[in-house]
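# Observations on chain architecture
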Amino acid sequence: MATLNKIAIYPGSFDPLTNGHIDIIERALDIFDQVIIAVLHNPSKKALFTMDERVQMIKQSFNGQSSILVDSFGGLLVDYAKMKNAVAIIRGMRALSDFESEFQMALMNRKLNKEVQSVFLMTGFRWIFTSSSIIKEAAQFGGDISDMVPETVKLKLMEKFPNLKE
Ligand code: PNS
């Protein structure tokens, strides 16, 4: 009997990867055989880290774990998901404030391709208040973000923000 490989895409800007993202990826791996972390290439959105830096930081954080692939994509997410034979798109939910935009995005994705399901996973309680943006803001002014990001991301943030100390 052929083994069915259930693939899910976890898309995002990942500018940069946070422990909140890692929490969602670990939860997704309880459900799916393989998770593709797909970094959006969006030239119109100004990012702190280059695409290459973002992909490298994610790869280093997962250390070649075989059930995790790291990739980048441009264009429509549902087209990318179809190309990768993915059955689901994973999104993390923190608070109610995430709901409206996520709901809108999921319905648009369903309209564009009804075969790809959106799956929402609740983030661990300790990451409810974190996001890449708020972590960057704190880091910029020397705030201690060391327990909110993987070590490799912390080191890259220290390179960008000299205020940020070990
Ligand atoms: O980490 P983010 O910035 O919240 O991720 C947003 C992302 C990448 C999931 C979203 O912008 C996206 O899917 N962009 C691809 C373009 C697309 O498919 N748009 C139509 C559906 S809303």
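To start, this report covers the structure provided alongside it.

The rules behind the values
- Residues numbered from 1 in each chain as written.
- Predicted model: local features only at pLDDT ≥ 70, side-chain atom pairs only at ≥ 80, totals over all residues.
- Heavy atoms only, no water.
- Core = buried A, V, L, I, M, F, W, Y, C linked by side-chain atoms within 4.5 Å.
- Buried < 20%, exposed > 50% of the residue type's maximum accessible area, 1.4 Å probe, protein only.
- Helix = DSSP H or I, 4+ residues; strand = E, 2+ residues; numbered from the N terminus.
- Contact = heavy atoms within 4.5 Å.

Turning to the nonpolar core, a few remarks are in order. Buried together is how nonpolar side chains tend to be arranged in soluble globular proteins. Leu17, Ile37, Ile58, Phe62, Ile90, Ile145 and Leu157 are the most contacted members of the largest nonpolar core, which has 33 residues in total. Those elements giving two or more residues to this core turn out to be strand E1 (7-12), helix H1 (19-29), strand E2 (34-40), helix H2 (51-62), strand E3 (68-73), strand E4 (88-93), helix H5 (132-140) and helix H6 (151-160). If one sorts the elements of this core by residue count, H2 sits on top with five residues. Apart from residues lying up to four places away in sequence, Ile58 is in contact with Phe14, Leu17, Ile37, Val39 and Val70.

So, about unusual backbone geometry. For the bond running from Asp15 to Pro16, omega is 0 degrees, close enough to zero to count as cis. Residue placement: Pro16 occurs in the loop between E1 and H1. Positive phi is not limited to glycine here, since Phe14 has a value of about 45 degrees. Note that Phe14 resides in the loop between E1 and H1. The phi dihedral of Asn63 falls on the positive side, at around 50 degrees, and the residue is not glycine. Locating Asn63 in the fold gives a position in the loop between H2 and E3.

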